[in-house]
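Commentary on secondary and tertiary structure
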Amino acid sequence: MIKGIHHISMKTDQPVVFEKVRSFYTEVLGLEIVRTWDTGIMVETGNCWLEINNDKPGIRELGAIRHFAFYCDDVDEMVTRVKEAGYEVFIEPKDICLNSEPAIPARIAFCYGPMGEQIEFFDDKSENASRF
C-alpha cells in the first residue's frame, strides 16, 4: 500500500553546483538537512524528503516530471526570498482556482532552482487544505 512520496532525488557531479543546491534549499527556502553521507544529503520538506547527490551527472532536460510543488503558507514570502537570493521567478504570485470537483482556490508562483528545476510554491486556500 502506498503511503506517500518518500523522497525526490536530484543529482550533480559538480561540487560547486552541489553547494549551490544545498544552499538554495536550506538557506534560501529554510529547509532542514535530516541525513548526510559522503556524497549527499536528505532535506526535510514537511511531507517527503529531497535527496541531493553529488556523485553522478544530472539530466538537465524536462522529462516526465514537469515540476514539483512545495505546499506553503506564504507564497509571496517564498518569492521574496528566492528573488533576494538571485533566482528567477517565472510566474509571479497569483490567485487561481483549479477547476476540479471540488474547486481548489490557491495562491501560486513558480521559480527555477539552482539546477534549472521548476519549483512551484502552492498555498491551498480550500476549506480542507490542512492535509500535511
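Residues numbered from 1 in each chain as written. Predicted model: local features only at pLDDT ≥ 70, side-chain atom pairs only at ≥ 80, totals over all residues. Heavy atoms only, no water.

1. With respect to the pattern of salt bridges
Applying the stated criterion to the full structure yields seven salt bridges. One salt bridge in this structure joins E92 and K83, with 2.9 Å as the shortest N-O distance. Here R107 and D95 are joined by a salt bridge, their closest N and O atoms 3.1 Å apart. Taken together, the positions of R107 in strand β7 (residues 104-112) and D95 in strand β6 (residues 89-98) put the pair 12 residues apart, joining distant regions of the chain. The network of salt bridges with shared partners includes E19, R22 and E27. (Salt bridge = Lys/Arg side-chain N within 4 Å of Asp/Glu carboxyl O. Helix = DSSP H or I, 4+ residues; strand = E, 2+ residues; numbered from the N terminus.)

2. Here we look at a negative patch on the surface
Among the surface-exposed residues, D73, D74, E77 and E84 lie close enough to one another that they form a single negatively charged patch. Secondary-structure assignment places E84 in helix α2 (residues 75-84). In this structure E84 comes out as exposed when scored by relative accessible area, which is 67%. (Patch = residues over 30% accessible without salt bridge, like charges linked within 9 Å, V, L, I, M, F, W, Y side chains within 5 Å. Areas by Shrake-Rupley, 256 points an atom, 1.4 Å probe, with all protein chains shown as cover. Lys, Arg positive; Asp, Glu negative; His and termini not counted. Charge placed at Lys NZ, Arg CZ, Asp CG, Glu CD. Buried < 20%, exposed > 50% of the residue type's maximum accessible area, 1.4 Å probe, protein only.)

3. Quick word on the confidence of the model for the chain
Confidence in the prediction for the chain averages 89 pLDDT; 91% of positions are at 70 or higher. Ranking the elements of the chain by mean pLDDT puts strand β1 (residues 7-11) last, at 89, and α2 first, at 97. (pLDDT = per-residue confidence, 0-100.)

4. Comments concerning the nonpolar core
The biggest cluster of nonpolar side chains holds 27 residues, and the ones touching the most others in it are F24, Y25, L29, V82 and F121. Those elements giving two or more residues to this core turn out to be α1 (15-28), β3 (40-44), β4 (49-53), β5 (68-71), α2, β7 and β8 (118-124). A total of six residues in this core trace back to one element, the largest contributor, which is α1. Excluding residues within four positions of it along the chain, Y25 makes contact with M10, G30, L31, L50, I52, F68, F70, P114, E117 and I119. (Core = buried A, V, L, I, M, F, W, Y, C linked by side-chain atoms within 4.5 Å. Contact = heavy atoms within 4.5 Å.)

5. Let's talk about α2
An α-helix turns once every 3.6 residues. As a result, residues three or four positions apart point the same way. When we look at burial in α2, the residues that qualify are V75, M78, V79 and V82. The arc that holds the buried residues of α2, viewed along the axis, is 100 degrees, so those residues lie on one side. Where α2 starts, the residue carrying a side-chain oxygen 3.3 Å from the main-chain nitrogen of D76 turns out to be D74. Of the residues trailing α2, G86 is marked for its positive phi of about 90 degrees. (Arc of directions from axis to C-beta. Polar contact = N/O pair within 3.5 Å; in protein donor to acceptor, adjacent residues only side chain to side chain.)

6. What to know about unusual backbone geometry
Here E101 and P102 are connected by a cis peptide whose omega angle stands at 0 degrees. Position of P102 relative to the elements: it lies in the loop between β6 and β7.

7. Brief notes about the sheet that holds β5
Pairing is mixed across the open sheet formed by four strands, whose spatial order is β5-β8-β7-β6. What marks the edges here is a single partner per strand, and that holds for β5 and β6. Taking each pair of neighbouring strands and ignoring which way they run, the sheet shows an average axis angle of 25 degrees. Here four bridges tie β5 to β8, and the two strands are oriented parallel to one another. Its bridge partner being in β8, F70 is matched across the sheet by F121. Along the sheet face, α2 touches β6, β7 and β8 and points at about 170 degrees away from the line of β6. (Pairing = 2+ DSSP bridges. Axes fitted to C-alpha atoms, helices over the stretch in contact; angles between N-to-C directions.)

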